[in-house]
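Chain residues, written in single-letter form:
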Amino acid sequence: MAKPNKETLLDWYRQMVLIRRFEERCAELYQQGLIGGFLHLYIGQEATGVGAVAALGPNDHVITAYRDHGIALARGVDPNRAMAEMMGKRTGVSGGKGGSMHLADRALHMWGGYGIVGGHLPLAAGIALKMKYLEEDGVVLALMGDGSTNIGYFHESLNLSAVWDLPVVWLIENNQYGMGTAVERASGAKELIRRAMAYSSEDGSGMKMGPRVDGMDVLAVYDAVSEAAEYARKHGPVLVESLTYRLEGHSMGDPQRYRTKEEVESFVVSGPIGRFRHYLTETYKGVEKALDKLDAEALQTIDDAVEFAKSSDNPTYEDLISHVYVD
Amino acid sequence: MADRPITYREALSSALREEMQRDERVFIMGEEVGVWGGTYAVTRGFLDEFGARRVRDTPISEMVIAGAAVGAAMAGLRPIAEIMTINFAFLALDAIINHAAKVRYMFNGQFTVPLVIRTTTGGGKQLGATHSHAPEVIFAHFPGLYVAVPGTAYDAKGMLKASIRDDNPVLFVEHSTMLQRRSPVPDDPDFLLPIGKSDIKRKGSDVTIVTYQKGLEHSLVAAEELAKEGIEAEIVDLRWLRPLDLEPVFESFKKTNRCVVVEESLPMFNVGAEVAAQIHDVCFDWMDAPVKRVAAMDIPLPYSHEIELMALPSPEKIIRAVKEVV
């Protein structure tokens, strides 16, 4: 596994800040009525998404659930087209027909966000099956929330991936709550990583139990997912759990009665971006200026994206009726 | 090339075999498709012929059978997923309806889903309430999916081959009591029937019977009985519930001015309801009688044979319905 150099680390920082600014702006636009539907923000989880996606190569694949903006941006989706999708414009990555939960960019092997909890997990197995079937190199990174580990899709998909030795890194983004229900109130296994044991054998075959990683530390996530991807390429599926925290509500308008302000505050202090910035300034003398520049550029990128989205056209009647079938 | 009478089962088998020989990306996955040879023996011998890579036994996991097949199709393979019976497809509704049928639209055409989900339908075999449905009409409700309901060996072969070659997801519904039925089928590796075309199975001028699969079989029997009394029924076999081709129905109705719809599904919100509504829309001026429906009774099917048959459509029920409108 390649150790990331300074340039790479600064790029991760750029991505994390870009995601944060993107999400903050989305919240504003939602309040202004310019974004509709459900809006699930990634604020607090940036280290997991950026670190995990950074572990992949261009021939690898990414698929995730509905909290997908951060994953899409980390995979390199154009912020303009992501923002245009938020606003339902025809220049959006999904032509304005998918919305916040459904950002896909086939060219980048970003297979989309999916709105049905767990619905994308069998799709991940199927994409991995294609690679195994055609003897292609590459792994599928399938991200999911802790909530999806209790749905039937999770069991069936992980089990099949173990039976068929599919090259999948199953990554649980454990942000502590499935909507408002804390993990320990929803899962018999409080440590979700233990689920891997259900699909593994004493002789080492089946699902590999990967690490339970500090999901607020982008370097730790990168290391864990890199190692898991390497294993998955050669042998088969791996389960990794990333312990992270959602600093905003489940979606917009969540009254958050299920947790205290103090709890949220404690994670703000140890938030992933501040932590990484601290690491960078400790590691590289005089890097602050570069980081400040990246902060400013992120703001500009988001301003430009909003401008692009606002000035884009709405989808047309032709768009409405197209792509139901292959003609 | 000569048409040879083969069974519905042989039609399915040969369609699968030919398409697998033709295209390396076509493969089969599902419960008992390999070592067992298929619970209805449709894939017997396939494991030896094509190997475990292309004939893939799965756990009893309908959600992932359907869902992984969707993913593999999106990624460029051409899966044929087998759901042993349509009763188990209820477990895979989300994968079929929310994903197979919608990912293309939802992501604005970035993905195609060249997928065939094969399954069997039908009651009348004393399997009790949960194993005895003909609920394919449910799946026809959703845009993005095709629903095939072949009623003869000829149709089964041509429609299955066309489904495998098409780039859209198809729910291919086979009738579990019709696997031994024979009809002549062209011995041509490129024998394809068009998707979404219904077919006149019997000419007549007095009443139009619209039906498919088991209903077709019963209707053909009923039509012969009616003919003895001088009533000539024209039978339109829908063959596909989606795309639904009602043009031949309208044409026939404008001639007969009467219609009976026959199906094995339940009587409410069924194929008959849709056909009747569209006839009202298109053929109102040609109507001489209300459109009648013959379907299963509005109850779950029981085990005991006599009362199970009582609940299902029959030639007698069709004859009675026809006599109400002519």
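Heads up: the structure comes first, above all this text.
Heads up: these notes are all about the structure in this document. (Residues numbered from 1 in each chain as written. Chains lettered and ligands numbered in written order. Predicted model: local features only at pLDDT ≥ 70, side-chain atom pairs only at ≥ 80, totals over all residues. Heavy atoms only, no water.)

1. Section: the overall build of chain B
Within chain B, the secondary structure is distributed over 13 helices and 14 strands. In terms of overall dimensions, chain B is globule-like: its C-alpha atoms have a radius of gyration of 20 Å, near the 20 Å expected for 326 residues. Overall size of chain B, expressed as C-alpha extent along the three principal axes, is 55 × 45 × 45 Å. Within the span of chain B, comprising 326 residues, buried residues form 63% of the whole. Counting only contacts in chain B whose residues sit at least 6 apart along the sequence, the fraction spanning at least 24 positions is 82%. About 12,100 Å² of surface is accessible on chain B, with carbon and sulfur atoms providing 55% of the total. (Helix = DSSP H or I, 4+ residues; strand = E, 2+ residues; numbered from the N terminus. Rg over C-alpha atoms; globule rule 2.2 N^0.38 Å. Buried < 20%, exposed > 50% of the residue type's maximum accessible area, 1.4 Å probe, protein only. Contact = heavy atoms within 4.5 Å. Areas by Shrake-Rupley, 256 points an atom, 1.4 Å probe, with all protein chains shown as cover.)

2. Thoughts on the sheet that holds strand β3 (residues 140-145) of chain A
Residues and elements named next belong to chain A. One open sheet accounts for 6 strands, arranged β2-β1-β3-β4-β8-β7; its pairing is parallel. Edge positions in the sheet fall to β2 (110-113) and β7 (208-214), since each has one partner strand and no second. Sheet twist, expressed as the average angle between the axes of neighbouring strands with direction ignored, equals 15°. In terms of strand pairing, strand β1 (residues 61-64) meets β3 through 3 bridges, oriented parallel. Following the sheet pairing, V62 is matched in β3 by L141. Its contacts with the sheet place helix α2 (residues 46-54) against β3, β4 (168-174) and β8 (238-243), and it is angled at close to 170° to β4. Strands β1, β2, β3 and β4 of the sheet are contacted by helix α5 (residues 121-133), whose axis makes an angle of about 175° with β3. (Pairing = 2+ DSSP bridges. Axes fitted to C-alpha atoms, helices over the stretch in contact; angles between N-to-C directions.)

3. Notes on the side chain of R239 of chain B
Residues and elements named next belong to chain B. Examined against the element boundaries, R239 turns out to sit in the loop between β11 (233-237) and β12 (240-242). Within the structure, R239 has its side chain in polar contact with the side chain of D155 (distance 2.9 Å). Not counting residues within four places of it along the chain, the set of residues in contact with R239 comprises V147, A148, V149, P150, D155, M159, L193, K197, S198, D199, K201 and Y212. (Polar contact = N/O pair within 3.5 Å; in protein donor to acceptor, adjacent residues only side chain to side chain.)

4. Quick look at a nonpolar patch on the surface
A surface patch of nonpolar side chains, about 330 Å² in accessible area, is lined by Y317, L320 and I321 of chain A. By the element assignment, L320 of chain A lies in helix α12 (residues 317-321). (Patch = residues over 30% accessible without salt bridge, like charges linked within 9 Å, V, L, I, M, F, W, Y side chains within 5 Å. Salt bridge = Lys/Arg side-chain N within 4 Å of Asp/Glu carboxyl O.)

5. What to know about the pattern of salt bridges
Residues and elements named next belong to chain B. Inspection of the entire model under this criterion finds 42 salt bridges over all chains. For E217, the salt bridge goes to R181, with nearest N and O atoms at 2.6 Å. Taken together, the residues span a long stretch of sequence, with E217 in helix α9 (residues 213-228) and R181 in the loop between β7 (170-175) and β8 (182-186) at a distance of 36 residues. Classification of R181 by relative accessible area gives partly exposed; the value is 32%.

6. Examining the interface of chain A and chain B
Each partner contributes to the interface: chain A provides 40 residues, whereas chain B provides 45 residues. Contact between chain A and chain B buries roughly 3,700 Å² in total, counting both sides, with carbon and sulfur atoms accounting for 64%. When the area that chain A buries against chain B is broken down by residue, the three leading residues are Y133, Y325 and V326 of chain A, summing to 22%. There are 0 salt bridges connecting chain A and chain B. Counting across the chain A and chain B interface gives 18 residue pairs in polar contact (both at pLDDT 80 or more). At the level of secondary structure, the elements contributing two or more residues to the side of chain A that touches chain B comprise β2, α5, α6 (152-163) and α12 of chain A. Element by element, the count of residues in the side of chain A that touches chain B is highest for α5 of chain A, at 8 residues. (Buried area = accessible area lost by both parts, 1.4 Å probe.)

7. Brief notes about the packing of aromatic side chains
Tallied over the entire structure, the rule returns 11 aromatic pairs over all chains. Taken together, a centroid distance of 3.7 Å and an interplanar angle of 5° make the contact between Y245 of chain A and F267 of chain A stacked. Of this pair, Y245 of chain A sits in the loop between β8 and α9 (261-269) while F267 of chain A sits in helix α9, placing them 22 residues apart in sequence. Given a relative accessible area of 0%, Y245 of chain A falls into the buried group. Seen in terms of ring centroids, F276 of chain A and Y279 of chain A are 6.2 Å apart; in terms of plane orientation they differ by 10°. Their pairing is stacked. Separated by 3 residues within a single helix, F276 of chain A and Y279 of chain A lie in helix α10 (residues 272-283), roughly one turn from each other. Taken together, the aromatic side chains of W111 and Y114 of chain A together with F107 and F111 of chain B make up a single cluster linked through ring pairs. Over the ring of Y231 of chain A we find K208 of chain A; its NZ or CZ atom is 5.1 Å from the centre of that ring. In this structure, R53 of chain B packs its charged tip against the face of Y133 of chain A, placed 4.0 Å from the ring centre. (Phe/Tyr/Trp six-rings, centres within 6.5 Å; stacked < 30°, edge-to-face > 60°. Lys NZ or Arg CZ within 6 Å of the ring centre and 35° of its normal.)

8. Examining the nonpolar core
One recurring pattern in soluble globular proteins: nonpolar side chains tend to sit buried together. Counting 91 residues, the largest nonpolar core has I63 and W170 of chain A together with M29, M74, L115 and I279 of chain B as its most contacted members. Tallying contributions element by element places helix α3 (residues 62-75) of chain B first for this core, with 11 residues. Taken domain by domain, the makeup of this core includes at least three residues from each of domain 1 (3-186) and domain 2 (199-325) of chain B. Counting 72 residues, the second-largest nonpolar core is a separate cluster that includes Y13, A27, A182 and L291 of chain A. (Core = buried A, V, L, I, M, F, W, Y, C linked by side-chain atoms within 4.5 Å. Domains from an automatic or database assignment.)

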